[in-house]
Amino acid sequence: MSADALPGIDKLATGIPGFDAIARGGLPEGRTTLVAGTPGSAKTVFAGQFLAAGIQRDDTPGVFVTCEEAPADLRRNFGAFGWSMADWEADGRWTFVDVSPDPDEETVEAGSYDLGALVARIEHAVERSGARRLAIDSLGAMFSRFPDTRQVRRDLFRIASRLKALGVTAIMTAERETEYGPVARHGVEEFVADNVVILRNILENETRRRTLEILKFRGTQHQKGEYPFTILPEGGLIAIPLSAMELTQHSTDVRTTSGNDELDRMCGGGFYRDSIVLVSGATGTGKTLMATEFTAGGLAAGERCMLFAFEESREQLMRNARGWNVDYAPAEEAGDLTIRCDYPEAAGLEDHLVRIKEEIDRFRPDRVALDSLTALERVASPRGFREFVISLTSFIKERQIAGLFTASTPSLMGGASVTEAHISTLTDSIIVLRYVEMRGRVHRGLAVLKMRGAGHDAGIRCFNIDDRGMHIGQRFSGVEGILEGHPVHVQQGDEDT
């Protein structure tokens, strides 16, 4: 029995990635859960995946009662997720109970129609197949055909009671009018179910963002609040349980090279093996070069490396690296390096997150570079972006991978970075790159702004870039306000030493 359940209430793992962490073990077993949402919020996918996961994980038969879509349409839709519907139906592990309307028949209001015949069909399907999981999709279609609300409510209670007697764990879907408002359209559905899960498909800043919330779990505990989720063709619904994560990552004192010897000395011996480093600077200051040196340093040390790029193509990255005397091709051919390039707008931020995690788990790198976070920020809301960074940094640190992220400042001379403000507390180290105007010339400056758990050089050092990479020199002398983006010349005697 789950530690979060009351005596006598076990939880059944749904098998939906991420959801069971939010539900602290899964759905209360032997009870009915209402899954409510607006059109397009993935209610049918949730219900179908609940049954599919039971078959795939535990070989548990399921019954799907469809009140709206024809089984033929559902077979095609579910088949897109790679679910073997034909095989499951042939061997009795998946059973459709079809009460969908016939498009050729005229719709007739049924008045005080009794749902007893439907209850009997459900009982027969469950008993014949030995099903332990059941889904009814959707209650809204049922209401539209039988408008006597009081009678339907009585019959829904009857269905729920009978399902409980049969010992099945059931999901019933229902439509909502708005993303934030009444739980379901008719104000009855939530009272029938023991548990309520709400799915949302919110439009924020011209971008769709899906979230789910467990509104109630009668007699058991669950994580509170909204959690992002996405739907992938090859896997179905995947939830991202951000606040369900725990700060249990291991820490190490082992150092690893940044790829630049002088920067290693500034950092007190290099980066920590499991640290996340943020490199912030204006365009052209050398952020991509630092990501290149970080990757090249890992390859030279015999480590496996991954590079995710969201602003440049693979060919551009390869050309730029060659311009700094770094050739990625041999490492790629040897299987020590993987480069992934995508436009941020090619997918939602949750989709990018899931794919990045999948690629990392598949390749198992020792270090990961991502260039740049700012490009990803433009396809998400501030909250969605911060959740993305929390999830990605937690994931990387849990696997003790060294990570380097780049981010752009809004002006050429530096200043406050929106991205940096969002994630500065989540990273272990921050390196800032700045342009500095002195005596009619533009110079570049570098500072290790933060190095969690270690001493570091606090000076602002000048550096230059040539065909051999980055060369870090001495501290700037006679200049203040570099980090703020407003350098001011001062007298030598006024400088802090």
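This one's a predicted model, so the numbers in the text were calculated from it and none came from an experiment.

S.K.: Let's hear about the pattern of salt bridges: which residues, and what values?
M.R.: In total, this model carries 26 salt bridges according to the counting rule given. With a shortest N-O distance of 2.9 Å, Arg200 and Glu213 are connected by a salt bridge. Within this pair, whereas Arg200 is found in strand β8 (residues 195-204), its partner Glu213 is found in strand β9 (residues 207-217), the two being separated by 13 residues in sequence. Accessibility classification places Arg200 together with Glu213 in one group, the buried group. Linking Arg273 and Glu303 is a salt bridge whose minimum nitrogen-to-oxygen distance equals 2.9 Å.

S.K.: Pulling in residues and values, what's your account of the environment of Leu317?
M.R.: Tracing the backbone through its elements, the reader meets Leu317 in helix α11 (residues 314-323). Separated by 22 residues in the primary sequence, Leu317 and Ile339 place their C-alpha atoms 9.1 Å from one another. With residues near it in sequence (within four places) discarded, Leu317 still touches Thr288, Leu307, Ala309, Glu312, Tyr328, Ile339 and Cys341.

S.K.: So what's going on with the sheet that holds strand β7 (residues 169-175)? Residues and values would help.
M.R.: Overall, mixed pairing links the nine strands, which are arranged β5-β4-β6-β7-β3-β8-β9-β10-β11 in an open sheet. The open sheet terminates on both sides in strands that have one partner only, identified here as β5 (94-98) and β11 (236-239). Within the sheet, the average angular offset between the axes of one strand and its neighbour, ignoring direction, is 25 degrees. Both strand β10 (residues 226-232) and β11 contribute to a ladder of four bridges, which runs antiparallel. Within the sheet, the bridge partner assigned to Thr230 lies in β11 and is Ile238. In the packing of helix α5 (residues 116-129) onto the sheet, contacts are made with β4 (62-66), β5 and β6 (133-137), and the angle to β5 comes to roughly 170 degrees.

S.K.: Explain the sheet that holds strand β22 (residues 469-475) to me, and be specific about the residues and the numbers.
M.R.: Across the sheet, which stays open at both edges, the nine strands sit in the order β16-β15-β17-β18-β14-β19-β20-β21-β22 with mixed pairing between neighbours. The open sheet terminates on both sides in strands that have one partner only, identified here as β16 (337-341) and β22. Neighbour to neighbour, the strand axes of the sheet diverge by 20 degrees on average, direction disregarded. Both strand β15 (residues 305-309) and strand β17 (residues 367-371) contribute to a ladder of five bridges, which runs parallel. Bridging from a neighbouring strand, Cys305 pairs with Arg367 of β17. Contacts from α11 reach β15, β16 and β21 (461-466) within the one sheet, and its direction differs from that of β16 by about 130 degrees.

S.K.: Explain the pairing of β8 to me, and be specific about the residues and the numbers.
M.R.: Burial within β8 is extensive, with eight of its ten residues counted as buried. Both strand β3 (residues 32-37) and β8 contribute to a ladder of five bridges, which runs parallel. Across the sheet, the residue bridging to Gly37 is Leu199, located in β8.

S.K.: I'd like to hear about the packing of helix α13 (residues 349-363) against helix α15 (residues 382-398), residue by residue, with values.
M.R.: Between α13 and α15, the shortest axis-to-axis distance is 10 Å and the interhelical angle comes to 10 degrees. On the basis of the axis angle, α13 is roughly parallel to α15. Counted together, Leu349, Leu353, Ile356, Lys357, Ile360 and Asp361 of α13 and Gly384, Phe385, Phe388, Ser391, Leu392, Phe395 and Ile396 of α15 form the full contact between these two elements.

What counts, and at which threshold
- Sequence positions are assigned chain by chain, starting from 1 and proceeding in written order.
- For a predicted model such as this one, the threshold for reporting local features is a pLDDT of at least 70, and the threshold for listing and counting side-chain atom pairs is 80 or more; totals across whole chains, interfaces and linings nevertheless cover every residue.
- Only heavy atoms go into the side-chain values, all of them from the structure, while hydrogens and water stay out.
- Salt bridges are counted wherever a side-chain nitrogen of Lys or Arg sits within 4 Å of a carboxyl oxygen of Asp or Glu.
- Secondary structure is summarised from DSSP: a helix means a run of H or I of at least four residues, a strand means a run of E of at least two, and numbering begins at the N terminus for each.
- Relative accessible area decides the class of each residue, using a 1.4 Å probe on protein chains only: under 20% of the type maximum gives buried, over 50% gives exposed, and in between gives partly exposed.
- We call two residues contacting when some pair of their heavy atoms lies within 4.5 Å.
- Strands are labelled as partners when DSSP assigns at least two bridges between them.
- The angle between two axes is taken between their N-to-C directions and runs from 0 to 180 degrees, where each axis is a line fitted to C-alpha atoms and a helix contributes only its stretch in contact.
- Geometric relationships in this document are graded by angle, where less than 35 degrees denotes roughly parallel, more than 145 denotes roughly antiparallel, 65 to 115 denotes roughly perpendicular, and other angles denote oblique.

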